Amino acid sequence: MTTNETKLTKKDFTSDREVRWCPGCGDYAILATVQSLLADIGARPEKTVFISGIGCSSRFPYYMDTYGFHTIHGRAPTVATGLAITRPDLDIWVVTGDGDGLSIGGNHLMHTLRRNVNLNILLFNNEIYGLTKGQYSPTSPLGSVHKSTPMGSLDRPVNPVSLALGAEATYVARSIDTDRQHLSGVLRGAYEHRGTSFVEIYQNCNIFNDGAFAALREKGQKEHNQIRLVPGEPITFGPEGERAVIAEQDGSLRIVPTEEAGERVVVHDPTRVEPTTAFALSRLAPSPTGPTPMGVFREVDRPVYDDELRKQVASARERYGEGDLVELLEGGNVWDVL
Amino acid sequence: MSGTSTAEPERIQLSSAVVRFAGDSGDGMQLTGDRFTTQTALAGNDLATLPDFPAEIRAPAGTLAGVSSFQLHFSDQDIHTPGDAPDVLVAMNPAALQKHLSALKPGGIVIVNTDAFTDRNLQKAGYEESPLHDGTMTDYQLHEVPVTGLTLRALERHIEEGALNKKEAERCKNMLALGLVSWMYSRPIAETEEWLEDKFSSKPEIADANVTALRAGWNYGNTTEAFAFTYEVKAAQLTPGRYRNITGNQAMAYGLIAASVRSGLPLFYGSYPITPASDILHELAKLKHFGAATYQAEDEIAAMGSVIGAAFGGHLAVTASSGPGIALKAEAMGLAMITELPMVVIDVQRGGPSTGLPTKTEQSDLFQLLYGRNGEAPIPVIAASSPADCFDAAIEAARIALTYRTPVALLSDGYLANSAEPWRLPAVDALPALDQAFAFTTEPNQQDGGFAPYLRDEDTLARPWALPGTPGLEHRLGGIEKEEGSGHISYDPANHHAQTAMRWARLERIGAQLPPLEVIDPSGEAEVLVLGWGSTKGPLQAACHELRARGRKVARVHLRHLAPLHPDLDDLLRSYRVVVCPENNMGQLAMLLRARTLVDVKTHNRVTGQPFASDELVEVIERMGWGEQT
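In this text, all values refer to a predicted model and were calculated from it rather than measured experimentally. (Residues numbered from 1 in each chain as written. Chains lettered and ligands numbered in written order. Predicted model: local features only at pLDDT ≥ 70, side-chain atom pairs only at ≥ 80, totals over all residues.)

Observations concerning the overall build of chain A
Turning to step 1, where the next piece is worked out: Secondary structure summary: chain A contains 12 helices and 12 strands in total.
Turning to step 2, where the next piece is worked out: Radius of gyration (C-alpha) of chain A: 22 Å, near the 20 Å computed for a compact globule of 338 residues.
Turning to step 3, where the next piece is worked out: In terms of overall dimensions, chain A has a C-alpha envelope of 90 × 50 × 50 Å along the principal axes.
Turning to step 4, where the next piece is worked out: Per-residue burial over chain A gives 48% buried out of 338 residues.
Turning to step 5, where the next piece is worked out: Partitioning the intrachain contacts of chain A with sequence separation of at least 6 by distance along the chain shows that 65% fall at a separation of at least 24. (Helix = DSSP H or I, 4+ residues; strand = E, 2+ residues; numbered from the N terminus. Rg over C-alpha atoms; globule rule 2.2 N^0.38 Å. Buried ≥ 20, exposed ≤ 12 C-beta atoms within 10 Å, placed from the backbone. Contact = placed C-beta atoms within 7 Å.)

Written as structure tokens, this is what we have:
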């Protein structure tokens, strides 16, 4: 048992269960980062809950020595919402994947983001169905050849960050499994944000979709392709900062050589209430095979659903007093039979 | 009451009466019925109501599809049903007459709004010529009343002064009809006047117009000599106590609040709007001062998920839906079952399958609740049997959920949901003390200081309820099969079999701990048993009452618990010569009973969207019970 006085370590967040992801899976790195981060930020295991759906990523709660709930396919945000409404004292994390969160559970994800429930949603995007052994997913590129699509997939992929911004999520970020420092940074931001935080984590599935994020993961490529979003800084990237992001007349963004950009380089500001520029940023990279923005796209304050709901309960109690059962039953017309 | 009478009509004393108001969906028939019900309740009668309305909010005016009706049975005796055939039909247009005339008792009274009997409306109702004078009405006492015209005349001043326009004035015609029927049955209208003034307090001119129309209707009856009789139904000799009128959905909401108060757990109610369950959400949304959180989810699945989350968080978690919504919740209900969290899932049944008959009643979701999940997923299922009984049923559902840590399905239906009856208010302190049903686990339950979330209580077989936030009890729940005790994931074949058996054993344990089954057999010598569940209780009660009056020795049992079935049932069923089980489905409980007891249970099944009429059941039970002998 732990007490509030003890400084916790990664070990305090590590359960005694054997981790059963495939050797080499990106999930290991994410797990280690989360366990260390929770110790660093002073989270308490008993106050922390991990809720997941179904899929490889959704085994996550079993490996955390916190409270956890491995629910059913796509429904983690719904269970998390019920818990968040009833228990404001908890830190609730939802772990989901591209199939779980964007396909079967897409509706819940959208509504949770729009409501701004006090949750942190981590979407592990590996662009594949891993647990069902390799069918294409809603984030797989058009034309993906997998078991269920031998002639290529026909549906356009969804961009998770665009979707979250479209639902006006209040904290939207992207990171990648192997970059512990960057991932820790955006997760810390998610933890500190009140409301729904949405973090897309590119995660390599070395069995069914190896190398999907090579452009952002591999030495020699990532330096050219990762567009690091830093609040207050002009958006430039490349080993020498030689490329820059500028705004077009129509509001879309474009990548140009920094020397051509001059003063037109967009300065990153995630606190803009209007999500339009953040959305345009998310459209810069149709797929993570070239230059791709990483970091916090949007971070704004907005009333939080569960806080507001509890406020209504409190204000009803203020107005009508603590509910009285006898009074309730005798409300309306009553008559006495003697 | 103003107005003087020219010739006092004769007042006839009745023991009971059945009145049906019928009109267009926009004619305000439900409201008229509600008001007449309240007036009748305040007059001290026992009563039962049957609202019946189309699924369309505003079906085309004047059509048969758009007819909305409200039936009220009131009596100086204890009654159990909204009545079979009405004594009085108020028909606000030809479609209402067309649809309801055949239900009326021979010689019954018909009051028609002649102003609505236009060629266009007659045609819409399928009449080639007016039924008022072609012989159709010869078997009835017809009263032709120009309800619309009288209303407009009564409101002439209001229209002239510009307080309301002609169309708004016409809308008051239901109050004129209510005034007239109130006069006929000697019902005081003062309470309705107050109600109107309160309802339209921000629009005093509308309130005044409605009150004027109401009084005009009363005075019309009083001053014209068209009505030779008025009727009086004296107050019923009900059990002493304080009474109110209540519908099933309202009683359900109050029962959930009572369960919250008596358990000390805040109520969390997550649901998605669906007919005929939505009124429970509407009621609870008004009761936040009881600490009740209501959450309108994005869909049925989300509602079910939210309830699982709230139960995990330690609240009294409840959702409600109807058949189609329950189908969507099924997978999550399985998760709730295997994670053994306490919650209540209410199904206000309606006609099925698929979208079915949204505003009509049926008992056809029994199998869905018993078996409608993947795998062996037993959950307790109970049913409410009258509008007021929804209150007790909600508390019983919460008791089982909290005691045994399981989702509990609670069946109501469209008839119970919308119908009203007088309810003798319970003593709040005498309601079950649900705080005795559970205790949150706060200490490790293992020698080594660890916590095993599936270590069971020997008496109830319930697992510990340890809430997130409790130091040292961190554990993981999930839908994957778990090892007994530790709750760890287990794919062990023998463990899965043992766990499945354990989940059934836990269900049966609930049955073993129930009080004895109540058998109603005044003679003590009955050879015929009538058995039912849910909203058929009223008609079955009335039918058995009638049969006993005819000298038939009949016993009756009404089941609250459908899963598990009461352990007394096996011996009980085998002890009768004939067992009859009428249901508003195609024989679901009967099939269960046959399978379990091997008794050849006789069935009577009807799914017309309407509750059984008691005379139909009298005939059926008599034929099945004694047919060969007479």
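Some words on the overall build of chain B
Turning to step 1, where the next piece is worked out: The helix and strand tally for chain B stands at 21 helices and 22 strands.
Turning to step 2, where the next piece is worked out: For 630 residues, the compact-globule estimate of 2.2 N^0.38 gives 25 Å, and chain B sits close to it at 27 Å.
Turning to step 3, where the next piece is worked out: Overall size of chain B, expressed as C-alpha extent along the three principal axes, is 90 × 65 × 45 Å.
Turning to step 4, where the next piece is worked out: For chain B, restricting intrachain contacts to residue pairs at least 6 apart in sequence, the fraction spanning at least 24 positions comes to 76%.

Notes on the sheet that holds strand β12 (residues 334–337) of chain A
Turning to step 1, where the next piece is worked out: Reading across the sheet, the three strands line up as β12(A)-β9(B)-β16(B) and stay open at both edges, with antiparallel pairing between neighbours. Looking at the sheet topology across the chains shown, the edges are occupied by β12 of chain A together with β16 (420–424) of chain B. On average, adjacent strands in this sheet sit at an angle of 35° to one another, irrespective of strand direction.
Turning to step 2, where the next piece is worked out: Sheet topology places β12(A) next to strand β9 (residues 241–247) of chain B; four bridges connect them, and they run antiparallel. Residue A:Asp336 lies in a different strand from β9(B), and its bridge partner there is B:Arg242.
Turning to step 3, where the next piece is worked out: The strands touched by helix α1 (residues 29–42) of chain B within the sheet are β12 of chain A together with β9 and β16 of chain B, with β9(B) carrying the most contacts at an inclination of about 170°.
Turning to step 4, where the next piece is worked out: Strands β9 and β16 of chain B of the sheet are contacted by helix α10 (residues 248–263) of chain B, whose axis makes an angle of about 115° with β9(B). (Pairing = 2+ DSSP bridges. Axes fitted to C-alpha atoms, helices over the stretch in contact; angles between N-to-C directions.)

Looking at the nonpolar core
All names here are of chain B.
Turning to step 1, where the next piece is worked out: By size, the foremost hydrophobic cluster in this structure holds 195 residues, and its most contacted members are Ile308, Val318, Met343, Ala394 and Leu410.
Turning to step 2, where the next piece is worked out: By residue number, the principal contributor to this core is helix α15 (residues 389–404), which donates 11 residues.
Turning to step 3, where the next piece is worked out: In this view, valine 318 contacts Leu256, Leu267, Tyr269, Val307, Met343, Val344 and Ile346; residues no more than four positions away in its chain are not counted.
Turning to step 4, where the next piece is worked out: In terms of nonpolar packing, the next biggest core, distinct from the first, is built from 59 residues, Leu47, Met92, Leu214 and Tyr220 among them. (Core = buried A, V, L, I, M, F, W, Y, C linked by C-beta atoms within 7 Å.)

Details of the sheet that holds strand β6 (residues 197–202) of chain A
Backbone-to-backbone hydrogen bonds join strands into a sheet, with any given pair of strands oriented parallel or antiparallel.
Turning to step 1, where the next piece is worked out: What the nine strands build is an open sheet, ordered β7(A)-β11(A)-β5(A)-β6(A)-β4(A)-β3(A)-β1(A)-β2(A)-β17(B); its pairing is mixed. Both edges of this open sheet fall to β7 (226–228) of chain A together with β17 (476–478) of chain B, since each of them pairs with a single strand only. Adjacent strand axes in the sheet meet at a mean angle of 20°, parallel and antiparallel pairs treated alike.
Turning to step 2, where the next piece is worked out: Here strand β3 (residues 91–97) of chain A pairs with strand β4 (residues 120–125) of chain A via five bridges, running parallel. Residue pairing across strands places A:Val95 opposite A:Leu122, the latter belonging to β4(A).
Turning to step 3, where the next piece is worked out: Relative to the sheet, helix α2 (residues 76–86) of chain A contacts β1 (48–52), β2 (67–70), β3 and β4 of chain A, its axis offset from that of β3(A) by approximately 175°.

Considering the interface of chain B and chain A
Turning to step 1, where the next piece is worked out: Across the boundary between the two partners, chain B contributes 57 residues, which contact 52 residues of chain A.
Turning to step 2, where the next piece is worked out: Counting only elements with at least two residues in the side of chain B that touches chain A, the list comes to α1, β9, α10, β10 (267–271), β11 (293–296), α12 (300–312), α13 (323–339) and β17 of chain B.
Turning to step 3, where the next piece is worked out: Broken down by element, the residue count for the side of chain B that touches chain A peaks at nine residues, all from α12(B).
Turning to step 4, where the next piece is worked out: Residue composition of the side of chain B that touches chain A, by class: 30 nonpolar, 19 polar and eight charged. (Nonpolar A, V, L, I, M, F, W, Y, C, P; charged D, E, K, R; others polar.)

Structural notes on the domain arrangement of chain B
Turning to step 1, where the next piece is worked out: The domains assigned to chain B are domain 1 (10–233), domain 2 (244–436), domain 3 (445–513) and domain 4 (528–629).
Turning to step 2, where the next piece is worked out: For domain 1 of chain B versus domain 3 of chain B, the separation of C-alpha centres amounts to 59 Å. (Domains from an automatic or database assignment.)

A look at the packing of helix α1 (residues 26–40) of chain A against helix α6 (residues 180–192) of chain A
All names here are of chain A.
Turning to step 1, where the next piece is worked out: For the pair α1 and α6, interaxial distance at closest approach is 10 Å and the crossing angle is 55°. Judged on the interaxial angle alone, α6 and α1 are oblique. Note on packing geometry: the crossing formed by α1 with α6 is right-handed. Of the residues in α6, those in contact with Ala29, Thr33, Val34 and Leu37 of α1 are Arg180, Leu183, Ser184, Leu187 and Arg188.
Turning to step 2, where the next piece is worked out: Counted by class, the contact of α1 with α6 contains five nonpolar, two polar and two charged residues. (Parallel < 35°, antiparallel > 145°, perpendicular 65-115°, else oblique. Left-handed = near helix turned anticlockwise from the far one by under 90°.)

Considerations on the packing of α10(B) against α15(B)
Residue and element names in this part refer to chain B.
Turning to step 1, where the next piece is worked out: Their axes nearest at 7 Å, the elements α10 and α15 cross at an angle of 40°. The angle between the axes of α10 and α15 places the two elements in the oblique class. As α10 packs across α15, the resulting crossing turns out to be right-handed. Along its contact with α10, which presents Gly248, Ala251, Met252, Tyr254, Gly255, Leu256, Ala258, Ala259 and Ser263, the element α15 presents Cys390, Phe391, Asp392, Ala393, Ala394, Ile395, Ala398 and Leu402.

Re the environment of B:Pro464
Residue and element names in this part refer to chain B.
Turning to step 1, where the next piece is worked out: Note that proline 464 resides in the loop between β16 and β17.
Turning to step 2, where the next piece is worked out: In sequence terms proline 464 and tyrosine 454 are 10 residues apart; their C-alpha atoms lie 6.9 Å from each other.
Turning to step 3, where the next piece is worked out: With residues up to four places along the chain from it excluded, the contact list for proline 464 reads Thr441, Asn445, Pro453 and Leu455.

So, the environment of B:Thr63
All names here are of chain B.
Turning to step 1, where the next piece is worked out: Looking at the element boundaries, threonine 63 is found in the loop between β3 (46–52) and β4 (67–75).
Turning to step 2, where the next piece is worked out: We classify threonine 63 as partly exposed; it has 18 C-beta atoms within 10 Å.
Turning to step 3, where the next piece is worked out: Linking threonine 63 and lysine 99, residues 36 residues apart in sequence, is a C-alpha distance of 10.0 Å.
Turning to step 4, where the next piece is worked out: Among residues more than four places away in sequence, those in contact with threonine 63 are Ala95 and Lys124.

Remarks on the pairing of β10(B)
Residues and elements named next belong to chain B.
Turning to step 1, where the next piece is worked out: With five of five residues buried, β10 is to be regarded as a mostly interior element.
Turning to step 2, where the next piece is worked out: Burial along β10 is two-sided: the face carrying Leu267, Tyr269 and Ser271 and the face carrying Phe268 and Gly270 are both buried.
Turning to step 3, where the next piece is worked out: Pairing analysis gives three bridges linking β10 to strand β12 (residues 316–321), with the strands arranged parallel. Counted as the bridge partner of phenylalanine 268 is alanine 317 from β12.
Turning to step 4, where the next piece is worked out: With four bridges joining them, β10 and β11 adopt parallel strand pairing. What sits directly across from glycine 270, in β11, is tyrosine 295.

Regarding the pairing of strand β11 (residues 292–299) of chain A
Residue and element names in this part refer to chain A.
Turning to step 1, where the next piece is worked out: Along β11, eight of the eight residues are buried, which leaves the element largely enclosed by surrounding structure.
Turning to step 2, where the next piece is worked out: Relative to β11, strand β5 (residues 171–176) is paired through four bridges, and the arrangement is antiparallel. By the bridge assignment, valine 172 is partnered in β11 with arginine 298.

Brief notes about helix α4 (residues 106–115) of chain A
Turning to step 1, where the next piece is worked out: If you check which residues of α4(A) are buried, you get A:His108, A:Leu109, A:Thr112, A:Leu113 and A:Arg115. For α4(A), the angular spread of buried residues about the axis comes to 165°, placing them on one side.
Turning to step 2, where the next piece is worked out: Along its buried surface, α4(A) packs onto α2, α3 (98–104), α5 (160–166), β6 and α11 (305–320) of chain A together with α12 of chain B.
Turning to step 3, where the next piece is worked out: The positive-phi residue at the C-terminal boundary of α4(A) is A:Asn116, with phi of around 65°. (Arc of directions from axis to C-beta.)

Structural notes on the confidence of the model for chain B
Residue and element names in this part refer to chain B.
Turning to step 1, where the next piece is worked out: In the predicted model, chain B carries a mean pLDDT of 95, and 98% of its residues have values of at least 70.
Turning to step 2, where the next piece is worked out: A low-confidence stretch, residues 1–5 (pLDDT under 50), is modelled with eight contacts involving residues beyond four sequence positions or located in other chains.
Turning to step 3, where the next piece is worked out: Predicted complex metrics record ipTM = 0.97 and pTM = 0.94. (pLDDT = per-residue confidence, 0-100.)

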